[in-house]
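A closer look at the structure
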Amino acid sequence: MTHTDYIIIAVIAAILCGAANAIYRSKKSGKKCIGCPDSGSCSGNCSHCCGCSQNK
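Residues numbered from 1 in each chain as written. Predicted model: local features only at pLDDT ≥ 70, side-chain atom pairs only at ≥ 80, totals over all residues. Heavy atoms only, no water.

Some points on the overall build of the protein
Helices and strands together make up the secondary structure of the protein, namely two helices and zero strands. Residues counted as buried form 11% of the 56 residues belonging to the protein. (Helix = DSSP H or I, 4+ residues; strand = E, 2+ residues; numbered from the N terminus. Buried < 20%, exposed > 50% of the residue type's maximum accessible area, 1.4 Å probe, protein only.)

Topic: the side chain of S26
Tracing the sequence through the fold places S26 in helix α1 (residues 3–28). Excluding residues that lie within four positions of it along the chain, S26 makes contacts with K31 and I34. (Contact = heavy atoms within 4.5 Å.)

Some points on α1
The terminal C-alpha atoms of α1, which comprises 26 residues, lie 37 Å apart, in line with the 38 Å expected from a rise of 1.5 Å per residue. Just downstream of α1, G30 is the residue with a positive phi angle, here 95°. (Expected span 1.5 Å × (residues − 1).)

A short note on the environment of S29
Along the chain, S29 turns up in the loop between α1 and α2 (46–49). S29 sits in the exposed class, given a relative accessible area of 52%. Separated by 2.9 Å, the side chain of S29 and the backbone oxygen of S26 make a polar contact. (Polar contact = N/O pair within 3.5 Å; in protein donor to acceptor, adjacent residues only side chain to side chain.)

Comments concerning a nonpolar patch on the surface
Together, M1, Y6 and I9 line one region of the surface with nonpolar side chains, adding up to about 370 Å² of accessible area. Of note, I9 is situated in helix α1. Judged by relative accessible area, I9 falls into the partly exposed class, the value being 47%. (Patch = residues over 30% accessible without salt bridge, like charges linked within 9 Å, V, L, I, M, F, W, Y side chains within 5 Å. Areas by Shrake-Rupley, 256 points an atom, 1.4 Å probe, with all protein chains shown as cover. Salt bridge = Lys/Arg side-chain N within 4 Å of Asp/Glu carboxyl O.)

Don't take any of this as a statement about function, it's just geometry.
Here is the structure:
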């Protein structure tokens, strides 16, 4: 493996760790729907509070 391969692996690992950390912090703070803009006050049934899973 070349030095470029190690850099690419490190960047991908950093992105994955950052995403996992963001999910962990959101869940720890009590957010039910992470992608929902109203997730701090969401009851967990997002179709009723913010429309993040609207019926099609």
